[in-house]
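Below, each chain spelled out in residue letters.
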Amino acid sequence: MTSRVPVYDTGMLIAPADREAKAVRLHAGLQDTPHRALVLGPVRARARRLSLATPRALVAPMAARHGSAVVFTSDPAGLNAHLKALDAQDVHVVQIRGAGRRS
C-alpha cells in the first residue's frame, strides 16, 4: 500500500502557528510518513502575509496530477469544487480549521 502525499494550503501553514490542536497533531503525525508535505510557493507566500485566500487554482491541479494525495485545507468546499472540475482521482481533502477565521 502506498502512502498519500500530504499537500498543505495556506490554512494548514497558519494553523500550527496559531497552536490549533488538530493542525498541530496532523503536522506532528506527518513527520513519520515517507513523503514530506508539498507546499507550493504561492501558498507559502500567502501564509507569510497571513492570508487565507489560498491559491486553490494551483493546489488542486498539483494534487490531482500527483494522485494518491491528501490536501489539508481551511476551505474544503472550494478545493473540492476545483478537484471535481478536474475529475481528480484518489485525492482526499481534510479540513483543518474554520474557513475565514483570519483575513
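It should be emphasised that the depicted structure is a prediction, and the values quoted were computed from it without experimental measurement. (Residues numbered from 1 in each chain as written. Predicted model: local features only at pLDDT ≥ 70, side-chain atom pairs only at ≥ 80, totals over all residues. Heavy atoms only, no water.)

### With respect to the sheet that holds strand E1 (residues 5–8)
Item 1. With parallel pairing, 3 strands are arranged side by side in an open sheet as E1-E2-E3. Because the sheet does not close on itself, it has two edges, and the strands there are E1 and strand E3 (91–95). The sheet shows a mean angle of 25° between the axes of neighbouring strands, direction not considered.
Item 2. Where E1 meets strand E2 (residues 69–73), 4 bridges bridge the pair, whose relative direction is parallel. (Pairing = 2+ DSSP bridges. Helix = DSSP H or I, 4+ residues; strand = E, 2+ residues; numbered from the N terminus. Axes fitted to C-alpha atoms, helices over the stretch in contact; angles between N-to-C directions.)

### Considerations on the nonpolar core
Item 1. Core analysis: the biggest nonpolar cluster contains 11 residues, these being Val7, Val43, Val59, Ala60, Met62, Ala63, Ala69, Val71, Leu79, Leu83 and Val91.
Item 2. Sorting the residues of this core by element identifies helix H4 (56–66), E2 and helix H5 (76–85) as the ones contributing at least two each.
Item 3. Counting 8 residues, the second-largest nonpolar core is a separate cluster that includes Ala23, Leu30, Val70 and Phe72. (Core = buried A, V, L, I, M, F, W, Y, C linked by side-chain atoms within 4.5 Å. Buried < 20%, exposed > 50% of the residue type's maximum accessible area, 1.4 Å probe, protein only.)

### Considering the pairing of E2
Item 1. Here E2 lies mainly inside the structure; 5 of its 5 residues are buried.
Item 2. The alternating pattern of E2 places Ala69, Val71 and Thr73 on one face and Val70 and Phe72 on the opposite face, and all of these are buried.
Item 3. Summarising the sheet, E2 and E3 pair through 5 bridges and their orientation is parallel. The residue of E3 that forms the bridge with phenylalanine 72 is valine 94.
Item 4. The handedness of the E2 to E3 crossover, carried by H5, is right-handed. (Right-handed = clockwise from strand over helix to strand, strands pointing away.)

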